[in-house]
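Each chain, letter by letter, is given below.
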Amino acid sequence: MDIKSPFTTPASGRSIPVTPAPVGPTLIDIDHVDFFYGASQALHDINLKIEEKKVTAFIGPSGCGKSTLLRCLNRMNDLIDGTRVANGQIKIRGIDIYDRSVDVIELRKRVGMVFQKSNPFPKSIYENITYGLRLQGRSSKSDLDAVVEKSLRGAALWDEVKDRLHTSGLGLSGGQQQRLCIARAIAVEPEVILMDEPCSALDPIATVKVEELIQELRTKFTIVIVTHNMQQAARCSDKTAFFYMGKLIEFADTRAIFMNPANAQTEAYVSGRFG
Amino acid sequence: METPRPTSQSDFLVNKKRIRVFGLSFDDAIKIFFGGNAVVSIIVLALITYFLFQEGIGFFGQNHRNLLTYRQAGLEYVDFIRTQESGHIALTRYLSDLRLRQYNHYIAEQKMSPAAANEALAKFDEFAAQYGDAVEPIRGMVSDLTEQATAIKTKFLIAEDKKTERQQLLVAGKIDEAAAVKIEAVDFAAELHLLTGILPVYKQTSAEFAKKLDAALAVAPKLSTPELMVRLDRFNQLTHDYLATFPATARSLETWDYTRAVPWYQAISAFLFGREWLTASFWQDWYGIVPLLMGSVMVSLVALVIAVPLGVGAAIYINQIASAQEQRIIKPSIEFISAFPSVVLGFFGIAVLGQSLRWLSQQSWLAWVPGFPFSERLNILTAGCLLALIAVPTIFTLAEDALQNVPKAFKEASFALGATRLQTIIKIVVPASLSGIISAVLLGLGRVIGETMVVLLCAGNRIAIPDFTAGLAVVTQPVHTMTGIIAQEMGEVVRGSIHYRALFVVGIVLFFLSLGINFIAQKIVRKYRISIG
Amino acid sequence: MSPSTRHEFQSPPSAARRWESAALWLFRIATYVILICGAGVFGNIVVKGSKTVFTSTAPFINVAFFTEAPESLYVFEYQGQKREMGDREFRAFKTTHPEAKDIKAESYVYSAGGIFPCIVGTVLLVLGSMMIALTLGVSAAVYLSEYAKQGRAVTLIRLAILNLAGVPSIVFGLFGLGLFVIYLDWNVSLLAGWFTLAFMVLPVVITASEESLKAVPKGFREGSLALGATKWQTIRKNVLPYALPGILTSSILGIARVAGETAPIMFTAAYVVRDKLPWEGLTSVSDFFFQGVMALPYHIYVVSSKIPQNEYTERVQYGTAFVFLVIVALIATCSIVMRNKLRNRYKW
């Protein structure tokens with residue numbers, strides 16, 4: 001056995017019985033969801049319960065549907081022509097977010113997102129953070145100042161940028177930019193933060209910083225992270241879902257997925273045999 | 001650390017804040033506003049079509065009446081004989097050309113003095129005079145009949161005007177005044193009797209005319225060279241052909257009937273295939289688009305012949321050969337040329353280019369060029385050269401784009417096989433971008449054919465079908481164009497008149513012509529995109 | 001390394017090579033012929049026009065040419081001297097010199113005075129039509145790039161834009177005549193000219209705006225939406241501001257086109273001659289919009305086709321062409337230079 005899993009002990013690879021982590025209250029309930037891009041089906045009958053204040057990782061090879069599912073959770077897929085959730089429901093706190101009565105704007109305030117490619121606006125750092133707040137009509141200076149500091153501290157960026165809050169966010173390094181985007185997301189105090197391969201464009205050192213940040217954020221937010229980097233999933237997530245060809249193959253505690261996968265495909269993937 | 005938000009608040013997803021008016025949120029309203037603006041393009045295109053037709057379509061009815069009057073007032077009848085007369089005029093012109101050739105021969109080859117040359121031609125002149133005078137009785141007849149037919153037409157038009165006047169008065173409710181408008185109805189049968197009654201006289205005159213021509217031919221003197229004799233024989237032949245048409249003319253006159261209906265489609269075909277655009281004439285107005293269309297096509301062809309090699313050549317040079325520095329300078333420069341206002345180019349044509357070209361054509365070392373020397377400074381060539389300057393930036397920019405789109409890998413693969421630069425360009429790059437280049441040329445054509453000011457100022461504005469028997473020299477003739485005629489005459493016509501409507505119909509033709517060119521160009525481009533992808 | 005030694009990679013002097021270099025030269029010549037022709041036209045007008053526009057004494061610019069209205073030029077001989085006078089001057093001269101009352105003078109219309117009303121008219125036409133075109137065009141572009149979903153309607157709109165771009169300018173003139181001048185009964189007026197010109201440049205503005213909007217990265221939109229911004233907030237705060245410089249610079253090319261066209265305003269907005277300036281003699285605000293104006297391109301057409309070419313008329317002909325060409329050229333240069341700069345600056 002030479003599976004490079006952080007949970008593998010040298011003595012006995014997969015024979016350790018994995019004790020299931022305590023089950024928290026469900027926040028997002030994905031219930032038999034089928035999803036289409038035009039005529040082609042991208043997701044097949046997905047069933048998944050995402051727990052509150054946990055980090056849930058979606059893994060799987062490219063094109064397996066993990067990003068699609070993530071973008072369903074705050075309806076970013078609405079922006080793409082011809083997409084639709086054909087069957088099933090996605091419920092947050094029991095409310096179907098695809099219901100007609102749901103205001104997608106309110107939804108997105110509650111379900112923030114961090115993108116694969118860091119996308120700070122070409123404004124100052126301060127304006128980047130306050131962008132979402134100003135949209136909600138918050139304009140008091142002291143209020144905004146406080147939020148900026150809190151968010152930047154929350155994103156572990158404060159010490160690095162506190163002296164240049166009014167310079168362009170584009171002047172930061174790649175990793176700083178991504179943390180700025182995270183700070184921007186947490187400034188509007190969402191309940192959930194979706195992260196779409198947040199570290200794929202970062203160098204290893206910056207990646208470590210973002211991962212540490214995720215560990216800190218888990219106490220306050222429910223985090224769903226899509227990653228193609230299995231070590232990352234293993235390092236920072238509580239639960240892991242493995243997708244393949246638009247289907248959810250296996251969903252379990254991260255330890256179980258990496259050490260004792262129930263499914264042969266999962267095992268093949270996590271052991272690096274394909275993907 | 002405090003929790004971000006009270007978790008019990010579970011109704012947070014329900015939309016309750018946004019204000020709705022008629023079931024529309026503010027964002028929907030914005031979207032509809034933008035969408036409405038986007039639809040403007042469609043509306044404008046529809047309005048253009050609608051108003052061109054609204055103003056233009058009445059032309060065909062009016063033209064139909066125009067043609068009907070032509071028949072009913074006997075103008076058509078007179079024109080049968082007039083055609084016979086003008087046939088003779090063409091023949092006498094041939095004869096004078098023959099005399100000139102003989103004269104030149106005497107002067108140049110036989111070294112005669114002008115007086116002696118004229119002396120030697122005395123016999124020929126006698127023959128020519130006899131030949132020419134033969135037509136006089138017919139000519140007199142035509143001019144008498146012309147007067148009569150014009151009188152009938154005028155009478156008819158006055159009656160029509162009165163009718164309209166009465167109609168208007170009636171509409172205005174002035175019944176008494178309407179009754180007071182006297183309408184003199186035209187009795188065509190009676191009036192035309194004067195015209196048709198001349199038939200027996202005509203037959204006799206025509207027969208005499210034929211005899212005289214025959215007699216004249218009999219005394220035709222010999223000419224001094226075999227080449228000229230061949231021409232004289234040709235003239236004989238032409239005269240006989242001409243004489244052979246006489247019975248047909250007589251038959252047309254006999255069978256002519258003013259009551260015969262003018263089919264409706266003739267109003268359209270007379271426009272589309274009419275070889276004359278003749279307006280404000282005392283006799284009969286003709287609205288035939290052919291001379292204008294030919295003018296536009298000729299000017300555009302000349303422009304493309306010049307612009308395509310230059311534009312495509314420059315595109316290839318800039319894209320494939322030039323250094324980066326040359327590119328940086330030349331590309332904006334050519335774009336800059338595209339900003340030249342066309343009216344300034346037209347002015348340049350009048351002020352400089354026309355004269356320069358004429359001067360150039362009169363240089364003896366250029367005498368071998370067909371059509372050189374020419375005397376009209378404003379002609380197809382002048383306009384074509386300037387239009388080429390307008391078309392070049394369009395063709396260059398689009399062709400350069402097409403070349404740019406050729407994947408670099410194609411080129412690299414070719415070089416890797418040891419091909420030279422030229423081979424790569426000719427065998428790989430140009431074929432791969434050919435459809436793009438063709439559509440660039442087509443769009444250039446669309447630009448040129450719709451261009452107004454340059455042709456208005458520089459094409460010479462002579463409404464006539466270019467004489468293609470001149471071969472390539474045809475490009476030195478002045479023409480009028482579709483765009484030019486609209487710009488020139490629209491300001492002077494009465495709104496609602498047949499002439500006004502005819503100009504709108506020319507506009508319709510122009511509109512659909514350019515739409516067609518555009519459509520084909522786009523079609524080619526689309527195909528090309530698919531083939532690359 | 002002596003020249004006589006040959007190695008494997010040395011190119012053999014061959015006919016093919018000569019052909020190749022000849023062909024490459026042909027392409028180069030084609031390019032330079034274009035440039036020379038363009039420079040020739042430009043140079044001719046600049047050289048001859050500057051004689052009218054500039055003077056050899058201070059203030060070095062022919063102020064009268066820019067500030068006066070066109071008038072007729074009278075050329076006559078008086079006491080053995082050749083005199084040239086504008087219309088007003090000539091009349092004044094005749095009153096002060098009674099003996100010259102019946103003097104014979106050759107007259108050339110529009111050949112004296114200046115072109116001030118034409119400049120004013122052109123500026124008004126350009127401003128108004130660009131305002132309309134920008135409003136319509138930018139909005140349409142926002143719809144097409146931000147809101148529209150692929151479908152029949154959008155295909156139709158794009159088709160309409162493409163085809164509108166190919167409609168000859170004279171046809172726009174006919175359309176303006178039919179719709180604005182006759183049907184809406186606006187007569188020959190600024191308003192009719194504005195709309196005619198605006199519709200004509202609409203495709204240019206839409207295409208340019210859409211290109212600029214597309215150049216704004218998708219991340220800006222997604223980032224903003226993910227923070228709970230509405231679509232309109234996103235566009236207004238995070239898309240339009242970054243696209244605007246591009247939209248404006250590209251639209252300047254549209255301005256050059258609007259200013260340069262003659263055919264569309266011939267029947268819709270331009271007068272051959274008008275004594276009053278646009279702000280003179282107005283009885284109400286609406287009068288301003290319903291008046292025709294003189295315009296530079298139309299004036300060039302008039303002076304180059306309706307009056308003969310000679311030493312007296314040449315001044316105003318070349319002068320007008322020069323001023324007009326320089327204005328349009330400046331606008332175009334601005335656009336080209338700014339666009340190239342912009343392309344380099346904005347890299348997200």
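Residues numbered from 1 in each chain as written. Chains lettered and ligands numbered in written order. Predicted model: local features only at pLDDT ≥ 70, side-chain atom pairs only at ≥ 80, totals over all residues. Heavy atoms only, no water.

Secondary structure summary: chain A contains 10 helices and 10 strands in total. Taking 2.2 N^0.38 as the reference for a compact globule, 275 residues should give roughly 19 Å; the C-alpha atoms of chain A span a radius of gyration of 19 Å, in line with that estimate. Here the C-alpha coordinates of chain A stretch approximately 55 × 45 × 30 Å along the principal axes. Burial analysis of chain A (275 residues in total) assigns 56% to the buried set. (Helix = DSSP H or I, 4+ residues; strand = E, 2+ residues; numbered from the N terminus. Rg over C-alpha atoms; globule rule 2.2 N^0.38 Å. Buried < 20%, exposed > 50% of the residue type's maximum accessible area, 1.4 Å probe, protein only.)

Okay, the overall build of chain C next. In terms of helices and strands, chain C carries 13 helices and three strands. Computed over the C-alpha atoms, the radius of gyration of chain C is 28 Å, more than 25% above the 20 Å expected from 2.2 N^0.38 for a compact globule of 348 residues. Per-residue burial for chain C yields a buried fraction of 54% across its 348 residues. Sequence separation of at least 24 residues holds for 74% of the intrachain contacts in chain C that already meet a minimum separation of 6. Put simply, chain C has 32 plus and 22 minus side-chain charges, and the middle of one group is 14 Å from the middle of the other. (Contact = heavy atoms within 4.5 Å. Lys, Arg positive; Asp, Glu negative; His and termini not counted. Charge placed at Lys NZ, Arg CZ, Asp CG, Glu CD.)

Within this structure, the stated rule accounts for 54 aromatic pairs over all chains. Note on Phe336 of chain B and Phe42 of chain C: the rings are 5.6 Å apart at their centroids and 75 degrees apart in plane angle, and the pair reads as edge-to-face. With Phe336 of chain B in helix 14 (residues 324-338) and Phe42 of chain C in helix 1 (residues 15-53), this residue pair bridges two chains. Under the relative-accessibility criterion, Phe336 of chain B is labelled buried at 18%. A ring pair is formed by Phe76 of chain C and Phe90 of chain C, whose centres lie 5.0 Å apart and whose planes are at 45 degrees; its orientation type is tilted. Of this pair, Phe76 of chain C sits in strand 1 (residues 70-78) while Phe90 of chain C sits in helix 3 (residues 87-96); the two residues are 14 residues apart in sequence, bridging distant segments of the chain. For the pair formed by Phe76 of chain C and Phe90 of chain C, the shared burial category is buried. One aromatic cluster is present, built from ring pairs that chain together Phe175, Phe180, Trp186, Phe195, Phe199 and Phe290 of chain C. Above the face of the Phe36 of chain A ring, Arg84 of chain A is positioned so that its terminal group lies 4.6 Å from the ring centre. (Phe/Tyr/Trp six-rings, centres within 6.5 Å; stacked < 30°, edge-to-face > 60°. Lys NZ or Arg CZ within 6 Å of the ring centre and 35° of its normal.)

Here we come to the interface of chain C and chain B. When the parts of a complex come together, some accessible area is lost, and that lost area is often taken as the interface size. Chain C puts 77 residues into the contact, and the matching count from chain B is 75 residues. Carbon and sulfur atoms make up 78% of the surface buried where chain C meets chain B, a total of about 6700 Å² over both sides. Among the residues chain C hides against chain B, the three largest losses belong to Phe27, Ile34 and Leu174 of chain C. Together they make up 9% of the total. Our enumeration of links across chain C and chain B arrives at zero salt bridges. (Buried area = accessible area lost by both parts, 1.4 Å probe. Salt bridge = Lys/Arg side-chain N within 4 Å of Asp/Glu carboxyl O.)

Relative to the elements of secondary structure, Thr452 of chain B occurs in the loop between helix 19 (434-449) and helix 20 (453-458). What Thr452 of chain B contacts, discounting residues up to four positions off in sequence, is Thr483 and Ala487 of chain B together with Ser169, Ile170 and Ala263 of chain C.

Before going further, it helps to examine the packing of helix 4 (residues 116-147) of chain C against helix 7 (residues 190-215) of chain C. Helices that pack against each other are described as a pair by the angle of their axes relative to one another and the distance between those axes. Residues and elements named next belong to chain C. For the pair helix 4 and helix 7, interaxial distance at closest approach is 6 Å and the crossing angle is 40 degrees. Of the possible angle classes, the one that applies to helix 4 and helix 7 is oblique. Seen from above, helix 4 lies across helix 7 with right-handed handedness. Taken together, the residues that form the contact of helix 4 with helix 7 break down as 23 nonpolar, six polar and three charged. (Axes fitted to C-alpha atoms, helices over the stretch in contact; angles between N-to-C directions. Parallel < 35°, antiparallel > 145°, perpendicular 65-115°, else oblique. Left-handed = near helix turned anticlockwise from the far one by under 90°. Nonpolar A, V, L, I, M, F, W, Y, C, P; charged D, E, K, R; others polar.)

Residue and element names in this part refer to chain C. Taken domain by domain, chain C consists of domain 1 (71-113) and domain 2 (116-345). Each of domain 1 and domain 2 was reduced to a C-alpha centroid, and the two centroids are 42 Å apart. Domain 1 puts eight residues into the contact, and the matching count from domain 2 is 12 residues. Around 830 Å² of area is buried between domain 1 and domain 2 when both sides are counted, 64% of it from carbon and sulfur atoms. When residues of domain 1 are sorted by the area they lose upon contact with domain 2, Tyr108, Tyr110 and Ser111 head the list and together hold 65% of the total. If you look at where domain 1 meets domain 2, you find zero residue pairs in polar contact (both at pLDDT 80 or more). Of all the elements in the fold, those that place two or more residues in the side of domain 1 that touches domain 2 are strand 1, strand 2 (81-86) and strand 3 (105-113). Ranked by residues supplied to the side of domain 1 that touches domain 2, first place goes to strand 3 with four residues. A breakdown of the residues in the side of domain 1 that touches domain 2 according to their chemical character gives five nonpolar, one polar and two charged. (Domains from an automatic or database assignment. Polar contact = N/O pair within 3.5 Å; in protein donor to acceptor, adjacent residues only side chain to side chain.)

Taken as a whole, chain A shows an average pLDDT of 85; of its residues, 91% reach a score of 70 or greater. Predicted confidence for residues 1-18 of chain A stays below pLDDT 50, and this span has 22 contacts to residues more than four positions away or in other chains. (pLDDT = per-residue confidence, 0-100.)

Attention now moves to the state of the cysteines. Across all of its chains, the model carries zero disulfides over all chains by this definition. Cys37 of chain C forms no disulfide, and the closest cysteine sulfur to it belongs to Cys385 of chain B, at a distance of 8.4 Å. (Disulfide = S-S within 2.5 Å.)

Before going further, it helps to spend a moment on the pairing of strand 10 (residues 247-253) of chain A. All names here are of chain A. In terms of strand pairing, strand 9 (residues 239-244) meets strand 10 through six bridges, oriented antiparallel. Of the residues in strand 10, the one forming a bridge with Phe242 is Glu250. The antiparallel pairing of strand 9 with strand 10 creates a hairpin that spans two residues between the two strands, and Met245 there sits at a positive phi of about 50 degrees. (Pairing = 2+ DSSP bridges.)

Among the surface-exposed residues, Trp264, Tyr265, Ile268, Leu272 and Phe273 of chain B lie close enough to one another that they form a single nonpolar patch of about 590 Å² accessible area. Among the residues examined, Ile268 of chain B registers a relative accessible area of 31% and is labelled partly exposed. (Patch = residues over 30% accessible without salt bridge, like charges linked within 9 Å, V, L, I, M, F, W, Y side chains within 5 Å. Areas by Shrake-Rupley, 256 points an atom, 1.4 Å probe, with all protein chains shown as cover.)

Another aspect to go through is the pattern of salt bridges. Under the defined criterion, the tally for this structure stands at 35 salt bridges over all chains. Note that Lys66 of chain A is salt-bridged to Glu197 of chain A, the shortest N-O span being 4.0 Å. Here Glu197 of chain A lies in the loop between strand 7 (192-196) and helix 7 (204-217) and Lys66 of chain A lies in helix 1 (residues 66-73), a separation of 131 residues in the sequence. Of the two residues, Lys66 of chain A and Glu197 of chain A, both sit in the buried class. Glu76 of chain B is paired through a salt bridge with Arg71 of chain B; the nearest N and O atoms lie 2.7 Å apart. Comparing Glu76 of chain B with Arg71 of chain B, the two get one shared label, buried. The network of salt bridges with shared partners includes Glu51, Lys54, Lys239 and Asp253 of chain A.

Let's shift gears to the side chain of Asn163 of chain C. Residue position: Asn163 of chain C is located in helix 5 (residues 152-166). Assessed through its relative accessible area of 12%, Asn163 of chain C is described here as buried.

So, about helix 9 (residues 199-218) of chain B. All names here are of chain B. Taking 1.5 Å as the rise per residue, helix 9 with 20 residues should run 28 Å; its terminal C-alpha atoms sit 29 Å apart, in good agreement. Buried residues of helix 9: Leu199, Tyr202, Thr205, Ser206, Phe209, Ala210, Leu213, Ala216 and Leu217, and no others. Buried residues along helix 9 cover an arc of 145 degrees about the axis, so they all sit on one side. What points out from helix 9, more than 90 degrees from its buried face, is the exposed set Pro200, Gln204, Lys211 and Ala218. Considering only its buried residues, helix 9 is in contact with helix 3 (75-108), helix 5 (122-133), helix 6 (136-171), helix 8 (188-196), helix 10 (226-244) and helix 11 (246-255). (Expected span 1.5 Å × (residues − 1). Arc of directions from axis to C-beta.)

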